[in-house]
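Survey of secondary and tertiary structure
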Amino acid sequence: MAKLILNHVSKDFGTGGRLAVKALSLEVREGGFLALLGPSGCGKTTVLRMIAGFEQPTDGSIHLGERLLADAANMLPPERRNMAMVFQSYALWPHMNVADNVGYPLKVRGISGERYRQKVHEALSTVRLEDYAERRPADLSGGQRQRVALARCLVTSPDVVLLDEPLANLDRHLKKEMEETFREFHQRSGATMVYVTHDQSEAMALASDVAVMSEGRLLQVAAPADIYARPEGRLVGGLVGQGAILSLAIPDGKPRLIDWSALKTIWREQGSKTAYADILVRPEDVVADADGISCRVDSVLYEGERYALKLSLPDGQILRAYSRETVKPGDVYPVAVRTAWRL
Ligand code: ADP
Ligand code: MG
């Protein structure tokens, strides 16, 4: 196993439009778990297919350690990359039992006998399905079927496991269960994983690093907590987590993390300034404060453990906040903002 390296990778499908992937550089450390996050059509699947060997980059290069997988002139075929790709549909053989489904890639490679049985058993125990070896896919739950698909991709001991929105069609409950399965699968298998999703909460919950893409470009790659606390730019700020993006006149040279006393001053002097900056305010940093800025409650959404509030600032801009007490639309609601982040 080794580090997966994408160096200035571009993909032009030759359709005359923009590039599907533009000069994307990225490293996934051995055993790492990277989520590729971005809106539909931003190029995530294309990146994954280039890593797997189903598409060739038109520029740049892809390496696994020292080994060149592909560039514009060279292309190692998928079957020689020792990678496994998991799709949204599990594509299990309905007429084969679980063990035969999992062992199928070994059969194709001509592996049989004791080695075959041992590998199938190992793969099944990694996804905790040892006791289901004889069952048919039709007799399993959706989550169990997905675990069979994972075991099947693991059975050949791939260096890299590629997953393309595997949870996209699941209901919320099963999604949470499967997120835990994926995390555990990563820990137990030790495989390097690249996980494509358009769902930011999934990316944040699962991966050790999140790479945010938009329109073929990589905007930021960092640990989930860093992406959340220090997003680079308006696109990442809007894509990851909840919050409101305000336009405020910020004096030059201010630190990017802005505290309440600085914010109060900025708000007071708002009218006299001309240069505006985008400021991200997370709802958990907006707290009720009788001495704060007087907002009006626009709407209230009950979320079970709390209320999610949409507030209007005096200048008409929107803030989002959480409250444990019930408030009504139209109420006056003065708030303080603990911290804000200049995008
Ligand atoms: P995502 O997975 O993020 O939704 P894709 O990688 O599937 O995005 O697509 C990125 C862009 O590349 C889209 O504009 C899509 O239409 C285009 N694209 C993807 N595959 C092909 C292809 N085989 N031929 C032409 N254009 C393609
Ligand atoms: Mg896709």
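Residues numbered from 1 in each chain as written. Chains lettered and ligands numbered in written order. Predicted model: local features only at pLDDT ≥ 70, side-chain atom pairs only at ≥ 80, totals over all residues. Heavy atoms only, no water.

**Quick look at the nonpolar core**
- Core analysis: the largest hydrophobic core is formed by 47 residues, its most contacted members being Val102 and Val210.
- Tallying contributions element by element places helix 4 (residues 142–154) first for this core, with six residues.
- Residue contacts for Val102: discarding those within four places in its chain leaves Val120, Ala123, Leu124, Val148, Ala151, Arg152 and Val155.
- Counting residues in each nonpolar core, the second largest holds 29 residues, with Leu248, Val297, Leu311 and Leu313 among its members. (Core = buried A, V, L, I, M, F, W, Y, C linked by side-chain atoms within 4.5 Å. Buried < 20%, exposed > 50% of the residue type's maximum accessible area, 1.4 Å probe, protein only. Helix = DSSP H or I, 4+ residues; strand = E, 2+ residues; numbered from the N terminus. Contact = heavy atoms within 4.5 Å.)

**What to know about the pattern of salt bridges**
- Scanning the model with the defined rule gives 16 salt bridges in all.
- Residue Arg128 is joined to Glu184 by a salt bridge in which the shortest nitrogen-to-oxygen separation is 3.1 Å. On the criterion of sequence distance, the pair formed by Arg128 in the loop between helix 3 (113–126) and helix 4 and Glu184 in helix 5 (residues 172–189) is long-range, its members being 56 residues apart.
- For Arg128, a relative accessible area of 42% puts it in the partly exposed group.
- For Glu184, a relative accessible area of 29% puts it in the partly exposed group.
- A salt bridge links Lys175 to Glu202, with the nearest nitrogen and oxygen atoms 3.3 Å apart. With a gap of 27 residues between them, Lys175 in helix 5 and Glu202 in helix 6 (residues 200–206) connect regions that are remote in the sequence.
- One continuous salt-bridge network, built from bridges that share partners, spans Lys11, Arg49 and Glu55. (Salt bridge = Lys/Arg side-chain N within 4 Å of Asp/Glu carboxyl O.)

**Regarding helix 2 (residues 98–108)**
- Taken together, the buried positions of helix 2 are Val98, Ala99, Asn101, Val102, Gly103, Pro105 and Leu106.
- Where helix 2 is buried, its residues touch helix 3 and helix 4.
- With a side-chain oxygen positioned 3.1 Å from the backbone nitrogen of Ala99, the residue opening helix 2 is Asn97.
- Where helix 2 ends, the next residue or the one after it, Gly110, has phi of about 80°, a positive value. (Polar contact = N/O pair within 3.5 Å; in protein donor to acceptor, adjacent residues only side chain to side chain.)

**Here's the deal with the packing of helix 2 against helix 3**
- Following both chains from N to C, one finds helix 2 and helix 3 inclined at 120°, their axes separated by 9 Å at the closest point. Our classification of the angle between helix 2 and helix 3 gives oblique. Relative to helix 3, helix 2 is oriented so that their crossing is right-handed. In this structure, helix 2 uses Val98, Ala99, Asp100, Val102, Gly103, Leu106 and Lys107 to contact helix 3, whose residues at the interface are Tyr116, Lys119, Val120, Ala123 and Leu124.
- The residue makeup of the contact of helix 2 with helix 3, split by class, is eight nonpolar, one polar and three charged. (Axes fitted to C-alpha atoms, helices over the stretch in contact; angles between N-to-C directions. Parallel < 35°, antiparallel > 145°, perpendicular 65-115°, else oblique. Left-handed = near helix turned anticlockwise from the far one by under 90°. Nonpolar A, V, L, I, M, F, W, Y, C, P; charged D, E, K, R; others polar.)

**Side note on the domain arrangement of the protein**
- Looking at the protein, the domain boundaries give domain 1 (4–232) and domain 2 (244–342).
- Computed from C-alpha atoms alone, the centre-to-centre distance between domain 1 and domain 2 is 39 Å.
- Taken together, the contact pairs six residues of domain 1 with five residues of domain 2.
- For the pair domain 1 and domain 2, the summed buried surface comes to about 460 Å²; carbon and sulfur atoms form 43% of the total.
- Linking Glu232 and Arg256 is a salt bridge whose minimum nitrogen-to-oxygen distance equals 3.3 Å. (Domains from an automatic or database assignment. Buried area = accessible area lost by both parts, 1.4 Å probe.)

**A short note on the pairing of strand 14 (residues 286–302)**
- Relative to strand 17 (residues 332–337), strand 14 runs antiparallel, the two sharing seven bridges. Along strand 17, the bridge assignment pairs Ile293 with Val335.
- Note: strand 14 against strand 15 (residues 307–312), six bridges, orientation antiparallel. Its bridge partner being in strand 15, Tyr302 is matched across the sheet by Tyr307.
- With antiparallel pairing between neighbouring strands as the criterion, strand 14 and strand 15 make up a hairpin whose turn holds four residues, including Gly304 at a positive phi of roughly 90°. (Pairing = 2+ DSSP bridges.)

**A closer look at the sheet that holds strand 12 (residues 257–259)**
- Read from one edge of the open sheet, four strands run 11-13-18-12, paired in antiparallel fashion. Across the chains shown, the open sheet's two edge strands, defined by having one partner strand only, are strand 11 (244–248) and strand 12. Sheet twist, expressed as the average angle between the axes of neighbouring strands with direction ignored, equals 35°.
- As paired strands, strand 11 and strand 13 (residues 277–281) are joined by five bridges and run antiparallel to one another. Along strand 13, the bridge assignment pairs Ala244 with Val281.
- Strand contacts of helix 9 (residues 260–268): strand 11, strand 12 and strand 18 (339–342), with the helix running at about 80° to strand 12, the strand carrying the most contacts.

**Observations concerning the site of ligand 1**
- Around ligand 1 lies a shell formed by Phe13, Thr15, Ala20, Pro39, Ser40, Gly41, Cys42, Gly43, Lys44, Thr45 and Thr46.
- Interatomic distance of 3.0 Å between a backbone N/O atom of Gly43 and an oxygen atom of ligand 1.
- A distance of 2.8 Å is found between an oxygen atom of ligand 1 and a side-chain nitrogen or oxygen belonging to Thr45.
- Compared with its free state, where it exposes 560 Å², ligand 1 has 60% of that area covered by protein.
- In terms of residue class, the shell around ligand 1 is made up of four nonpolar, six polar and one charged. (Near = heavy atom within 4 Å. Areas by Shrake-Rupley, 256 points an atom, 1.4 Å probe, with all protein chains shown as cover.)

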